Amino acid sequence: MGVTPFPQQAMCSERKMSTDPSDVTLHQLGPDDLGLMAQLLDLFGEVFEEPQTYGAKRPDDAYMARLLGGDHFIALAALKQGNVVGGLAAYVFDKFEQARREIYIYDLAVAQAQRRRGIATALIEEVRRLAAARGAWVVFIQAEKDDAAPVALYSRLGRRQEVLHFDIPVAAPVEGQAGCDPASGNN
């Protein structure tokens, strides 16, 4: 079984939430949703208390439209009256050991005033649905050990894995050596 291409109809899909369908919808962001993506980045900066990380050096519109229109990134927004009140960003990995995919939920956040309403669960369930449609065999996410609410939520939805995470700094370029610039073909 090969890895299936992403169905075009899945892009920019919108679904009503089952927990409170009257006022919150889930929307998969596509290349034309740059304003919603900006709202999602603002929300991440606010919830994670990292406004500089999510706001200071945002990519230009062309980069963001390519990312949102590509096969290896998923952005979902929970919308209430057109405003982003929750969302997630996930990466799709094509695996090498088997023809299958994994999806990594990189960021998941819900505005403080909208918590405990099932929005985070609905976002994860939507990623699970998209994962099945895209030939993924697993969805995974990380949480800080002392962050009780996410740990409890993820424990209800999946199996806990104890792993260590390491951030390894990128090597400094060697003077006189050409760098890797995919746009110019220098690899």
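Residues numbered from 1 in each chain as written. Predicted model: local features only at pLDDT ≥ 70, side-chain atom pairs only at ≥ 80, totals over all residues. Heavy atoms only, no water.

Novice: Can you break down the packing of aromatic side chains residue by residue, with the values?
Specialist: Under the definition given, this model contains eight aromatic pairs. Between Phe93 and Phe140, the ring centres sit 6.5 Å apart and the planes meet at 25 degrees, which makes this aromatic pair stacked. Linking Phe93 in strand β4 (residues 83-94) with Phe140 in strand β6 (residues 136-141), this pair joins segments that are 47 residues apart in sequence. Relative accessible area serves as the criterion here: at 31%, Phe140 is assigned to the partly exposed category. By the ring-pair criterion, three or more aromatic residues cluster together here, those being Phe73, Tyr91, Phe93, Tyr104, Tyr106 and Phe140. We note Arg100 situated over the ring of Trp137; from NZ or CZ to the ring centre the distance is 4.0 Å. (Phe/Tyr/Trp six-rings, centres within 6.5 Å; stacked < 30°, edge-to-face > 60°. Helix = DSSP H or I, 4+ residues; strand = E, 2+ residues; numbered from the N terminus. Buried < 20%, exposed > 50% of the residue type's maximum accessible area, 1.4 Å probe, protein only. Lys NZ or Arg CZ within 6 Å of the ring centre and 35° of its normal.)

Novice: Got a sec to walk through the nonpolar core? Specific residues and values, please.
Specialist: Within the largest apolar cluster, 22 residues are counted, with the highest numbers of intra-cluster contacts made by Ile74, Leu76, Leu88, Ile103, Ile105, Leu108 and Leu123. Counting only elements with at least two residues in this core, the list comes to β3 (73-80), β4, β5 (101-110) and α4 (119-133). Element by element, the count of residues in this core is highest for α4, at eight residues. The next biggest cluster of nonpolar side chains, apart from the first, holds 18 residues, and it includes Leu43, Ala77, Leu79 and Ala89. (Core = buried A, V, L, I, M, F, W, Y, C linked by side-chain atoms within 4.5 Å.)

Novice: Break down the pattern of salt bridges for me, with residues and values.
Specialist: Applying the stated criterion across every chain yields a total of nine salt bridges. Across the salt bridge formed by Asp94 and Arg101, the nearest N and O atoms sit 2.7 Å from each other. By relative accessible area, Asp94 is classed as partly exposed at 41%. In this structure, Arg100 engages Glu97 in a salt bridge whose closest nitrogen and oxygen atoms are separated by 3.6 Å. Note on Arg100: relative accessible area 18%, which makes it buried. Look at the salt bridges and you will find they share partners, linking Lys95, Glu97, Arg100 and Glu102 into a network. (Salt bridge = Lys/Arg side-chain N within 4 Å of Asp/Glu carboxyl O.)

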